[in-house]
Amino acid sequence: MNLDKPSARITGSSSGTFPTAGLSSGGGEMGHLVRTRDWSQTPLGAVETWPPSLLTTLGLVLNSRFPMLLFWGDELACFYNDAFRPSLGTDGNPADVLGTAARLAWPESWHIVGPMLNQVMESAESVRQEDFPVPLRRNGRLEETYWTFSCSPVTDETGRVAGVFVTCTETTAKVTELQAARSASQRFADMVMQAPVAIAVFRGPEFVAEIANDAYLPLVDKTREEFIGKPMFESVPSVRAAIEPLVREVVRTGESMRIQEIELTLRRQGRDEAYWFNLVYEPLRETDGTVDGFMVTATEVTDQVLARRQAEQKEADLRKARDQFELSIAAGNVGLWHWDAQNQALNWSRQQEALYGLSAGEFGGTLADFHRFVFPEDLAATLASPAADLAQSGEAAYEFRIRRKDGAVRWMQSRSRTVYN
């Protein structure tokens, strides 16, 4: 349907008079157009022949500031008021539509609107629709518009349904916004479902599970039917004490939260066991900015935590054994040394240095540093014989004399064992 701009000047010629006070004046531009139209040349006939029911209802429509329409007679001739005109666009002339049969005025939407109007005419019962889609040609193109409206029967003086009275409001902007929000929500849901990491979304005061992807459900050992649509702590009660304070803080503050290696007790395969997770909580906001839920990204690190704890325990056990060994060595007044054949380095323990009268770290770390303490005539005992024994059996034992740093002479006994890489 093509209509003129609401501000366009409307002209016409007068024929007939309107005895009803509601039509004799007022009604804005559409009222003026009704009064100046020559109705004698239309299927409705001259104004003097119009029934009072039509005049009264039309006066109500034209003088209302709420969008209204009236369809009258077997052809459902169209009337509407100034409040309705802005929804019909900016092109065309309303005089072309006024009094025209609805099927001709709105051909693009008649297959949708027509059955409802005919239903009201035949059943004498009202019809109401909310956010109902109606294709409408306006502003030079066919648009998908949405309306909330009520269609009520209008009876004439004989009691027969002679017309349909319509009150309506356009909701296209609201529906389009909701559709965009649903589209964005669906894209978000698709992103969550396709993510390779475990993600779930919880909404409302009870934290009802809204989304959980295929990576998340195995963590809590639940099927989708067992988890989605149920409160978080009803599905997994064992984590309530640890998790509820955290998520309520996220909702209260609207700030993200990261938790490293939190220990949670979960029932998997019928057994309650401890598991460890890295968790990231992100608040989810409504369009008004209020936080009504959160998204959690969960990474199970149980294997890493147990492996690290096992390594730490081994390190602690090794440290304890080393301390005990060093205590035994110290108690037995025994020194230890290690010769690194690849790097030509000789390492001495602190007790070994003490045996030679040296301070901590004073030993140089080479064979020459060691040989300077050995009596020259005993030097061969520290070289040839041990080397032969080590080559043959991997072990050697030998005795030799040294002169300590303080000049004291001491007999030393050394036992060696070869270690291969």
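Scroll up a little and you will see the structure.
Residues numbered from 1 in each chain as written. Predicted model: local features only at pLDDT ≥ 70, side-chain atom pairs only at ≥ 80, totals over all residues. Heavy atoms only, no water.

K.L.:
Please explain the nonpolar core as it appears in this structure.
P.N.:
Taken as a class, soluble globular proteins show a tendency for nonpolar side chains to be buried jointly. Counting residues in each nonpolar core, the largest one holds 48 residues, and the members touching the most others are Phe71, Phe79 and Trp106. Top contributing element to this core by residue count: strand β5 (residues 161-170), with six residues. With residues up to four places along the chain from it excluded, the contact list for Phe71 reads Leu76, Ala77, Cys78, Ala102, Trp106, Leu117, Ala162, Gly163, Val164 and Val166. Counting residues in hydrophobic clusters, the runner-up holds 31 residues, among them Phe202, Leu219, Met232 and Leu246. (Core = buried A, V, L, I, M, F, W, Y, C linked by side-chain atoms within 4.5 Å. Buried < 20%, exposed > 50% of the residue type's maximum accessible area, 1.4 Å probe, protein only. Helix = DSSP H or I, 4+ residues; strand = E, 2+ residues; numbered from the N terminus. Contact = heavy atoms within 4.5 Å.)

K.L.:
It is not clear to me how helix α3 (residues 52-62) should be interpreted in this structure. Could you clarify?
P.N.:
Burial runs high along α3: eight of the eleven residues are buried. Along α3, the residues classified as buried are Ser53, Leu54, Leu55, Thr57, Leu58, Gly59, Val61 and Leu62.

K.L.:
Even after reading the chapter, I still don't get the sheet that holds strand β8 (residues 257-268), so can you show me in this structure?
P.N.:
Strand pairing in a sheet relies on backbone hydrogen bonds, with the paired strands running either antiparallel or parallel. Read across the open sheet, the five strands follow the order β7-β6-β10-β9-β8; overall the sheet is antiparallel. Only two strands of the sheet have a single neighbouring strand rather than two, namely β7 (208-212) and β8. Along the sheet, successive strands turn relative to each other by an average axial angle of 35 degrees, direction set aside. As paired strands, strand β6 (residues 198-203) and β7 are joined by four bridges and run antiparallel to one another. The partner of Arg203 across the bridge, within β7, is Val208. Along the sheet, helix α6 (residues 172-194) contacts β6, β7 and β10 (291-300); its crossing angle with β7, the most-contacted strand, is approximately 70 degrees. Relative to the sheet, helix α10 (residues 240-253) contacts β8, β9 (271-285) and β10, its axis offset from that of β8 by approximately 140 degrees. (Pairing = 2+ DSSP bridges. Axes fitted to C-alpha atoms, helices over the stretch in contact; angles between N-to-C directions.)

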